[in-house]
Amino acid sequence: MKVRKAVITAAGWGTRFLPATKVQPKEMLPLVDRPALQYIIEEIAASGIEHVVIVTASGKQAIENHFDRSFELEHFLKQKGHSQLLHEIQAISQLADICYVRQSEQLGLGHAVLITERCVGNEPFALFLPDDIIRADVPAIKQLLDVYDRYGCSVVAVEPVARHDTASYGIIEPEHVEERIFRVLGLVEKPEPEKAPSNLGIVGRYILTPEIFAMLRKTPPGKGGEIQLTDGLRLLLDDEPVFACAFQGRRFDTGTPLGLLLASLEMALDRPDLRDNLMAYLRSLELYSK
Ligand code: G1P
């Protein structure tokens, strides 16, 4: 069955970015000149998925406003003759058909996914954790969709992580199937290095079959007292296979200040209007440190 819908979980507090996120959703922090979440919606649009469900929470209205029309702003830009900007601003609201679900209590990622069940219905869907921004020639979710099309089961994105970092990720126990593709034999949420079944960490892209909802309903609170998606996937393994795809691309964890800075830097270096001045500045820093 074709994947037509994407879920984005955007209900977290963004505590690692306080005080910037006191009133501003962390998903709206900019990478160069567009909010992080816009890159996610663009990845979705570029992969042929048209319907998006965003899980939000109180204080996140800026997200809805950003992806809606803004007639006042459009009128202003038109009057001033800023036609290029006008076009860009209008295009944002046409990227996808979006609906919103509020998570009123922070009960975990698994819970955030579970409350989208009515919007998603009985069909497979793509899941995005928007902290993970992935730069790739083929969008990361498209790479997972290709694996889903071939094997017809849930697929998680993975990448090798440093051994001492396993406690920051869901870690899979892999069985190699073919280049970059693994069958998942087991998975553990944030294990200490000595308990990790491998160094393959789950990053924020998934294709999930709708059976995950029934599993999440019976998933007890796990790590941190929260309902964990990783635990729901482990229950799913009893009923159907789950695959993992070591996608090609560069991932940035923009949920941390350093990750956001590095992603911004890399994106700015790709921009013809910024590259030269930024390079000159970086070179001057290098000279200064010698
Ligand atoms: C979540 C998941 C974890 C996954 C990670 C990827 O954790 O629970 O399994 O590896 O996202 O970014 P979080 O980073 O939200 O704590």
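The rules we used
Residues numbered from 1 in each chain as written. Predicted model: local features only at pLDDT ≥ 70, side-chain atom pairs only at ≥ 80, totals over all residues. Heavy atoms only, no water. Helix = DSSP H or I, 4+ residues; strand = E, 2+ residues; numbered from the N terminus. Contact = heavy atoms within 4.5 Å. 1 Å grid on protein atoms, 1.4 Å probe; cavity = no way out; pocket = protein on both sides within 12 Å on 5 of 7 lines; lining within 4 Å. Points joined across faces, edges and corners; volume = space filled by probe spheres on them. Nonpolar A, V, L, I, M, F, W, Y, C, P; charged D, E, K, R; others polar. Near = heavy atom within 4 Å. Polar contact = N/O pair within 3.5 Å; in protein donor to acceptor, adjacent residues only side chain to side chain. Areas by Shrake-Rupley, 256 points an atom, 1.4 Å probe, with all protein chains shown as cover. Sits in = over half its atoms within 2 Å of the grid points. Domains from an automatic or database assignment. Core = buried A, V, L, I, M, F, W, Y, C linked by side-chain atoms within 4.5 Å. Buried < 20%, exposed > 50% of the residue type's maximum accessible area, 1.4 Å probe, protein only.

**A few points about the environment of I40**
- Note on placement: I40 falls in helix α1 (residues 36-46).
- As a C-alpha pair, I40 and G152 span 112 residues in sequence and 24 Å in three-dimensional space.
- Ignoring sequence-local partners within four residues, the contact set of I40 consists of I8, F128, P130, D132, I133 and R205.

**Examining empty space enclosed by the protein**
- For the structure shown, the criterion picks out one cavity of 30 Å³ or more.
- Considered as a void within the structure, the largest cavity measures approximately 60 Å³ in volume.
- K26, E27, L29, A36, P130, D131, T254 and L260 together form the lining of the largest cavity.
- Among the residues making up the lining of the largest cavity, the classes are represented as four nonpolar, one polar and three charged.

**Quick look at the site of the ligand**
- As a structural note, the neighbourhood of the ligand is formed by L109, L129, D132, Y169, G170, E189, K190, I202, V203, Q228 and T230.
- Between the ligand and G170, the relevant distance is 2.9 Å, taken from an oxygen atom to a main-chain nitrogen or oxygen of the residue.
- One nitrogen or oxygen atom from the side chain of E189 is found 2.6 Å from an oxygen atom belonging to the ligand.
- Here the ligand, which alone exposes 380 Å², has 76% of that area covered by the protein.
- One can see that the ligand is located within the largest pocket.
- By residue class, the composition of the shell around the ligand is five nonpolar, three polar and three charged.

**Observations regarding the layout of surface pockets**
- There is about 1100 Å³ of room inside the largest pocket.
- Contributing to the lining of the largest pocket are 39 residues, with R16, K26, L129, D131 and K190 lying nearest its centre.
- Within the residue set of the lining of the largest pocket, elements represented by two or more residues are α5 (109-114), β11 (200-208), α9 (229-236) and β13 (250-253).
- The dominant element in the lining of the largest pocket, judged by the number of residues it contributes, is β11, at four residues.
- Tallied by class, residues from the lining of the largest pocket come to 13 nonpolar, 14 polar and twelve charged.
- Within this model, the second largest pocket holds a volume of roughly 370 Å³.
- In terms of lining residues, the second largest pocket is bounded by 18 residues, among which Y39, E42, I134, R135 and M267 are the most central.
- Residue assignment for the lining of the second largest pocket shows that the elements contributing at least two residues are α1 and β7 (132-135).
- With five residues, α1 is the single largest residue contributor to the lining of the second largest pocket.
- Residues belonging to the lining of the second largest pocket are distributed by class as follows: ten nonpolar, no polar and eight charged.
- Two domains share the lining of the second largest pocket, each providing at least three of its residues, namely domain 1 (5-255) and domain 2 (256-290).

**Remarks on the nonpolar core**
- With 45 residues, the main nonpolar core has I8, I54 and I207 as its most contacted residues.
- Counting residues domain by domain, this core receives three or more from each of domain 1 (5-255) and domain 2 (256-290).
- Apart from the residues lying within four places of it in its own chain, the contact partners of I8 are L37, I40, I41, I44, V52, V53, I54, V55, F128 and P130.
- In terms of nonpolar packing, the next biggest core, distinct from the first, is built from 33 residues, A112, L208, L233 and A244 among them.

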